[in-house]
Amino acid sequence: DAGITQSPRYKITETGRQVTLMCHQTWSHSYMFWYRQDLGHGLRLIYYSAAADITDKGEVPDGYVVSRSKTENFPLTLESATRSQTSVYFCASSGLAVANEQFFGPGTRLTVL
Amino acid sequence: AQSVSQHNHHVILSEAASLELGCNYSYGGTVNLFWYVQYPGQHLQLLLKYFSGDPLVKGIKGFEAEFIKSKFSFNLRKPSVQWSDTAEYFCAVGNDYKLSFGAGTTVTVRA
């Protein structure tokens, strides 16, 4: 049971480059989420998706783009990376049967130079 | 919008000491409450959750939490910590399939 996976686990990029972080879940969960984790801020929601082709902004969406063409995948793209986007990014998923409980992936540590 | 406040930023304890982490939230409607733990270098894992019923919830690894509706609180407790409890602990409040997280409390247990 693979659960929820993220790739890459570590990424170093330069300011201005486009970066895509991948998230894949095997549970067929309807909901998927992207968070960033920064010291002193806990986890902040970037975007979420209620189903394929349905996405919505979270608390800190600026500079990010998401898509969800398939239920199991929810990629996050930084169109033009900035240093302030250096962070650890977590993907999570949630099924309809257990309201709100979210299951997290292992995270991607992104450094923007 | 809901917000979650964790009272302690960093807690340092000795093994066998008791642990209590405070969590308060602001939201007037029905919420689901969670405590997640993040061990060093790992992803978040669910410790325990409260949806309804008995306000005293027992989770994994000897943790428990008490929901006090009148105080909008969901404090986490463990009677006797171990070195392996060193981690970051996050309180979260859920509504409408979204979670709002507190800033987290880093717990360091000294052997």
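Here, the structure is the one placed above.
What counts and what doesn't
- Residues numbered from 1 in each chain as written.
- Chains lettered and ligands numbered in written order.
- Predicted model: local features only at pLDDT ≥ 70, side-chain atom pairs only at ≥ 80, totals over all residues.
- Heavy atoms only, no water.
- Pairing = 2+ DSSP bridges.
- Helix = DSSP H or I, 4+ residues; strand = E, 2+ residues; numbered from the N terminus.
- Axes fitted to C-alpha atoms, helices over the stretch in contact; angles between N-to-C directions.
- Disulfide = S-S within 2.5 Å.
- Buried < 20%, exposed > 50% of the residue type's maximum accessible area, 1.4 Å probe, protein only.
- Core = buried A, V, L, I, M, F, W, Y, C linked by side-chain atoms within 4.5 Å.
- Contact = heavy atoms within 4.5 Å.

A.B. asks: Account for the sheet that holds strand β8 (residues 76-78) of chain A, naming residues and giving values.
C.D. replies: Residue and element names in this part refer to chain A. One open sheet holds the four strands; their spatial order is β1-β3-β8-β7, and the pairing between them is antiparallel. Unpaired on one side and paired on the other, β1 (4-7) and β7 (64-66) mark the two borders of the sheet. The average angle at which neighbouring strand axes cross in this sheet is 20°, direction not considered. Here β7 runs beside β8; their pairing, made up of three bridges, is antiparallel.

A.B. asks: Quick one: what's the story with the state of the cysteines, residue by residue and with numbers?
C.D. replies: For the coordinates displayed, the defined rule picks out two disulfides over all chains. Sulfur-sulfur distance for the disulfide between C23 of chain A and C91 of chain A comes to 1.8 Å. Taking the sign of the S-S torsion, -75° for the link of C23 of chain A and C91 of chain A, the bridge is left-handed. Of the two residues, C23 of chain A sits in strand β3 (residues 19-25) while C91 of chain A sits in strand β9 (residues 87-94), which places them 68 residues apart along the sequence. On the basis of relative accessibility, which here comes to 2%, the residue C23 of chain A falls in the buried class. Each sulfur in the disulfide pair C23 of chain B and C91 of chain B lies 1.9 Å from the other. Handedness of the C23 of chain B-C91 of chain B disulfide follows from its S-S torsion of about -65°: it is left-handed. Here C23 of chain B is found in strand β4 (residues 23-26), whereas its partner C91 of chain B is found in strand β10 (residues 87-95), with 68 residues between them in sequence. By relative accessible area, C91 of chain B is classed as buried at 0%.

A.B. asks: Residues and numbers for the environment of P106 of chain A, please.
C.D. replies: Residue and element names in this part refer to chain A. For P106, the location among the structural elements is in the loop between β10 (103-104) and β11 (108-112). Looking at P106, the relative accessible area reads 23%, which means it is partly exposed. C-alpha of P106 to C-alpha of F90: the two residues are 16 residues apart in sequence and 6.9 Å apart in space.

A.B. asks: Any chance you could break down the nonpolar core for me, citing the residues and the numbers?
C.D. replies: Membership of the largest hydrophobic core comes to 28 residues, with the highest contact counts inside it found for W35, L48, L76 and Y89 of chain B. When sequence neighbours within four positions are dropped, the list of residues in contact with L76 of chain B reads L19, E20, L21, W35, L47, L48, F63, E64, A65 and Y89 of chain B. M32, V66, L78 and V112 of chain A belong to the second-largest nonpolar core, a separate cluster that totals 18 residues.

These values are about where atoms sit, not about what they do.
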